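Coordinate analysis (summary)
As a plain string of letters, each chain reads:
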Amino acid sequence: MAADEAALEAVPAGTAPGDTGKTGRDARRIEGWSIAWMLLALAVWGWFAFLMFADYGPEVPSYQGTRSLCRGPFFEPWPQERLCRSEELRQWPSLLGILALAAVATVTAAATTVYAKVLARLAQGEGSLAKPQG
């Protein structure tokens, strides 16, 4: 009886020996969410890069063949053609909004990844504390 009480005293307050499974399940669940946030962040970063670098607009003939009339905002930040200025997603306020979404998704992905790692480490530590000593 005294050995069981001593083993329970070694476990931190608020946890019971049966809770190690719950912490492990929580760690796996949060790890799944972190993967989802990473994929979302990659998709938003890819969308941002496409909008910044890809040429757009109607095709015009040139001495090298045909090319798009409008260059991406990275190459031509303030286009001269009126048609190029009408594309709303290629304008700087929209691009900065997409950049903000990418940053939020990236920070959330990093935070959930770290939290999942901490929970996994806690689940391992609780598993070793919950074993009776003798």
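For clarity, every value in this text was computed on a predicted model and none was experimentally measured.

1. As for the overall build of the protein
Helix and strand counts for the protein come out as 4 helices and 2 strands. Helices (α) and strands (β) of the protein occur, in sequence order from the N terminus, as α-α-β-β-α-α. Residue burial in the protein is summarised as follows: out of 134 residues, 24% are buried. If you take every contact in the protein between residues at least 6 apart in sequence, the share linking residues at least 24 apart comes to 58%. When the accessible surface of the protein is summed, it comes to about 9300 Å², and 65% of that surface belongs to carbon and sulfur atoms.

2. Digging into the pairing of strand β1 (residues 56–62)
The pairing of β1 with strand β2 (residues 65–70) spans 5 bridges and is classified as antiparallel. In the strand pairing of β2, P61 is matched with T66. Hairpin connection, β1 to β2: the antiparallel pair is bridged by 2 residues.

3. Quick notes on the confidence of the model for the protein
Of the residues in the protein, 78% reach a pLDDT of 70 or more, and the chain-wide mean stands at 81. Between the elements of the protein, mean pLDDT differs from a low of 50, seen in helix α1 (residues 2–10), to a high of 92, seen in helix α2 (residues 20–53).

4. As for the nonpolar core
Grouped together as the largest cluster of nonpolar side chains are 7 residues: V44, F48, L51, M52, L95, I98 and A102. Counting residues per element, the ones that place at least two in this core are α2 and α4 (92–129). For this core, the element with the highest residue contribution is α2, accounting for 4 residues. Apart from the residues within four sequence positions on either side, F48 is in contact with L95, I98 and L99.

5. A closer look at a nonpolar patch on the surface
Together, I35, M38, L39 and L42 line one region of the surface with nonpolar side chains, adding up to about 400 Å² of accessible area. Among the structural elements, I35 can be located in helix α2. Note on I35: relative accessible area 44%, which makes it partly exposed.

6. Examining the packing of aromatic side chains
Evaluated as defined, the whole model comprises 4 aromatic pairs. Aromatic pair W45 and F48: ring centres 6.1 Å apart, planes at 85°, arrangement edge-to-face. Pair noted here: W45 and F48 are both in helix α2, with a separation of 3 residues, about one helical turn. When its relative accessible area of 35% is taken as the criterion, W45 is described as partly exposed. Among the aromatic residues, ring-to-ring pairing joins F53, F74 and F75 into one connected group. Stacked on the ring of F75, the Lys or Arg R71 has its end atom at 4.8 Å from the ring centre.

Conventions used here
Residues numbered from 1 in each chain as written. Predicted model: local features only at pLDDT ≥ 70, side-chain atom pairs only at ≥ 80, totals over all residues. Heavy atoms only, no water. Helix = DSSP H or I, 4+ residues; strand = E, 2+ residues; numbered from the N terminus. Buried < 20%, exposed > 50% of the residue type's maximum accessible area, 1.4 Å probe, protein only. Contact = heavy atoms within 4.5 Å. Areas by Shrake-Rupley, 256 points an atom, 1.4 Å probe, with all protein chains shown as cover. Pairing = 2+ DSSP bridges. pLDDT = per-residue confidence, 0-100. Core = buried A, V, L, I, M, F, W, Y, C linked by side-chain atoms within 4.5 Å. Patch = residues over 30% accessible without salt bridge, like charges linked within 9 Å, V, L, I, M, F, W, Y side chains within 5 Å. Salt bridge = Lys/Arg side-chain N within 4 Å of Asp/Glu carboxyl O. Phe/Tyr/Trp six-rings, centres within 6.5 Å; stacked < 30°, edge-to-face > 60°. Lys NZ or Arg CZ within 6 Å of the ring centre and 35° of its normal.

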